[in-house]
Structure formats: structure tokens, C-alpha cells
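For reference, the chains in residue letters:
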Amino acid sequence: MSVVTLTESFSRLEAAALSGQWTGSDELFDLSESETANSVGALNSLLGERTDDVAASEADVATLRATTIKTELSRFEADLDARWRGALFSLHPDNPDASRHFCTSARELLSSFLELVAPDHDVLAADPNCPLTPNGSVSRRARVRHCLLRQNAHDPILEEFVEDDLENVVSLFDEFNSGTHGDAGRFDLVALTAIKQRVEGAIRFVSRISGVQG
């Protein structure tokens with residue numbers, strides 16, 4: 001359902017772009033399109049045939065732990081980049097705890113990343129009436145809106161898409177962690193690669209929408 005929601009959200013963004021109602025940059029549109037495709041790819045990896053009985057080579061594991069994220073995190077904070085490398089190190093098809101470890105680390109990293117580029121005091125100073133979570137903290141949507149407004153790229157349709165995109169990633173984490181005990185928690189190389197690529201895309205997306213040069 002999360003993938004369907006994101007796909008429908010992108011369809012609205014695409015329709016707005018085609019009709020001239022959305023004047024955002026081509027880069028943001030392309031990244032939004034890529035995020036949608038990545039979410040579908042990750043879903044397909046979950047629904048696809050498992051290959052648990054196929055042993056992964058050292059080269060396979062090295063490729064799995066490699067990343068296309070070069071400076072998207074380090075230019076903001078070295079610790080974020082180090083945490084990302086640590087999450088990658090946990091990935092191994094033979095590790096039944098790989099998905100839980102990676103998803104937990106990646107979820108915390110994305111949350112910290114968004115809080116770093118849109119800290120509470122900045123968001124509240126710009127909009128004292130911004131949306132809050134039930135516990136009274138600044139909501140994720142408020143942080144996204146703040147980032148877009150900061151770079152004069154705010155649009156309700158884009159804001160909705162970014163929120164749906166981040167919710168999709170969180171939902172994927174939950175799905176991968178729905179069965180993490182014994183054999184049920186061991187995901188094959190294809191599935192682990194798909195979730196890694198999904199998170200990489202989300203990191204690039206947050207980095208771009210932040211409007212912060214770092």
C-alpha cells in the first residue's frame with residue numbers, strides 16, 4: 001500500500017509538471033521519479049523468488065557493502081557518514097540479523113539527517129505553528145516543508161511526495177524487520193541489495209531537498 005501511495009503521489013506531481021502547475025527544478029523531478037522506481041524495485045525484491053541456497057562470494061559481499069553515497073552525508077557531518085558505513089558493514093546474506101541491524105541503523109540515520117538539516121529551533125523560528133508530532137516535537141513533514149521553503153522550492157504536491165517517499169522507506173524497514181528470527185530473517189543478496197539501494201536513494205533525496213550546502 002505504501003508503494004501504491006507513493007506511485008499515486010508521483011503521478012500527481014508528474015501531472016502538475018506536464019500541465020505547468022509545478023515549476024520545480026528538473027533535478028527534483030528526476031530524483032522524485034527515481035525514488036518512485038526504487039520503491040517499486042524494492043517491493044519486487046521482497047515478492048520475488050528467494051535464493052537463500054545460493055552462496056554469496058566474497059566479491060558479492062564486497063559489492064553489497066559498497067555504496068554510491070560519497071559526500072552526501074560527510075559534507076554535513078562525519079559521524080553520519082561513519083554510521084552509514086557501519087550499517088553497510090552489517091550486510092551479509094549469511095547473517096540472519098542483517099536486515100534488522102541495517103534497517104535500524106538506516107532508520108536512525110535518516111531521522112538524524114533530517115533533524116540536522118532542519119533542526120527544531122530553525123523550524124519553530126520560521127513557523128511557530130508548524131505541525132507537531134503527538135509528543136510535541138517538530139514533525140517530519142514540518143522539517144521537509146522548512147527545507148523546501150528555504151530554497152524557494154516549496155510546492156504542496158512536492159511536499160506531499162517527499163513525505164510519502166520517506167514514509168515508504170520507513171514502511172520498507174518495517175517489512176524487512178517483520179520476521180527477523182532464524183531463517184525467516186535471512187534475506188538473499190538480491191533483497192539486501194535492493195533495500196541498500198532504496199536507502200541510498202533516500203539519502204541523496206534528503207541531501208538535495210535540504211537546501212543546505214554543507
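Bear in mind that the values here come from a model prediction, so they are computed numbers and not experimental data.

## Here we look at the packing of aromatic side chains
- Counted under the stated rule, the structure contains five aromatic pairs.
- Measuring from ring centre to ring centre gives 6.0 Å for F161 and F205, while their planes differ by 80°; the resulting arrangement is edge-to-face. Taken as a pair, F161 in helix α8 (residues 156-176) and F205 in helix α9 (residues 189-209) lie far apart in primary sequence, 44 residues in all.
- One aromatic cluster in this structure is built from F10, F29, F161 and F205.
- In this structure, R65 is placed above the aromatic ring of F89, and the distance from its NZ or CZ to the ring centre is 4.6 Å.

## Focus on the packing of helix α4 (residues 78-89) against helix α5 (residues 98-117)
- Where α4 meets α5, the closest approach of the two axes is 9 Å, and the angle between their N-to-C directions is 165°. When the interaxial angle is binned, α4 and α5 end up roughly antiparallel. Crossing hand, α4 versus α5: left-handed. Counting all contacts with α4, which are made through L80, R83, W84, A87 and L88, the residues of α5 involved are F102, S105, E108, L109, S112, F113 and L116.
- When the residues that make up the contact of α4 with α5 are grouped by side-chain class, the tally is eight nonpolar, two polar and two charged.

## Topic: the nonpolar core
- L73, W84, F102, F113, F173 and I203 are the most contacted members of the largest nonpolar core, which totals 52 residues.
- For this core, the element with the most residues is α9, which contributes nine residues.
- Those residues within four positions of I203 in sequence are excluded, and the remaining contacts are I69, E72, L73, W84, L109, L110 and F113.

## Details of the environment of N152
- Secondary-structure assignment places N152 in the loop between α7 (140-150) and α8.
- Since its relative accessible area comes to 76%, N152 is described here as exposed.
- C-alpha separation for the pair N152 and L114, spaced 38 residues apart in sequence, amounts to 18 Å.

## Re helix α2 (residues 26-47)
- The first and last C-alpha atoms of α2 sit 32 Å apart over 22 residues, in line with the 32 Å expected at 1.5 Å per residue.
- Residues of α2 that are buried include every one of L28, F29, S32, E35, T36, S39, A42 and S45, and no others.
- Close packing links the buried residues of α2 with α1 (2-19), α8 and α9.

## Quick look at the confidence of the model for the chain
- With 93% of its residues at a pLDDT of at least 70, the chain reaches an overall mean of 87.
- Long-range and interchain partners of residues 180-185, a stretch whose pLDDT sits below 50, account for ten contacts in this model, where long-range means more than four residues apart.

## Description of the layout of surface pockets
- Quantified by volume, the largest pocket comes out at close to 290 Å³.
- If you go around the largest pocket, you meet 15 residues; those closest to its centre are R107, L110, S111, L114 and R140.
- Along the lines of polarity and charge, the residues of the lining of the largest pocket split into seven nonpolar, four polar and four charged.
- Computed from the structure, the second largest pocket encloses a volume of approximately 170 Å³.

## Points about the packing of α5 against α9
- Two elements in contact, α5 and α9, have axes whose closest approach is 11 Å; the angle formed by their N-to-C orientations is 5°. Compared by their axis directions, α5 and α9 come out roughly parallel. For the pair α5 and α9, the contacting residues are F102, C103, A106, L109, L110, F113 and L114 in the first and I195, K196, V199, A202, I203, V206 and S207 in the second.
- Of the residues assigned to the contact of α5 with α9, the class counts are twelve nonpolar, one polar and one charged.

## Considering the pattern of salt bridges
- Under the defined criterion, the tally for this structure stands at twelve salt bridges.
- Between R141 and E159 there is a salt bridge whose closest N-O contact spans 2.8 Å. Note that R141 is positioned in helix α7 and E159 in helix α8, a separation of 18 residues in sequence.
- Classification of R141 as partly exposed rests on a relative accessible area of 30%.
- With a closest N to O distance of 2.7 Å, D165 and R198 form a salt bridge. Separated by 33 residues along the polypeptide, D165 in helix α8 and R198 in helix α9 bring together distant segments of the chain.
- When salt bridges with common partners are traced through the structure, they connect E35, D165 and R198 into a single cluster.

Analysis parameters
Residues numbered from 1 in each chain as written. Predicted model: local features only at pLDDT ≥ 70, side-chain atom pairs only at ≥ 80, totals over all residues. Heavy atoms only, no water. Phe/Tyr/Trp six-rings, centres within 6.5 Å; stacked < 30°, edge-to-face > 60°. Helix = DSSP H or I, 4+ residues; strand = E, 2+ residues; numbered from the N terminus. Lys NZ or Arg CZ within 6 Å of the ring centre and 35° of its normal. Axes fitted to C-alpha atoms, helices over the stretch in contact; angles between N-to-C directions. Parallel < 35°, antiparallel > 145°, perpendicular 65-115°, else oblique. Left-handed = near helix turned anticlockwise from the far one by under 90°. Contact = heavy atoms within 4.5 Å. Nonpolar A, V, L, I, M, F, W, Y, C, P; charged D, E, K, R; others polar. Core = buried A, V, L, I, M, F, W, Y, C linked by side-chain atoms within 4.5 Å. Buried < 20%, exposed > 50% of the residue type's maximum accessible area, 1.4 Å probe, protein only. Expected span 1.5 Å × (residues − 1). pLDDT = per-residue confidence, 0-100. 1 Å grid on protein atoms, 1.4 Å probe; cavity = no way out; pocket = protein on both sides within 12 Å on 5 of 7 lines; lining within 4 Å. Points joined across faces, edges and corners; volume = space filled by probe spheres on them. Salt bridge = Lys/Arg side-chain N within 4 Å of Asp/Glu carboxyl O.

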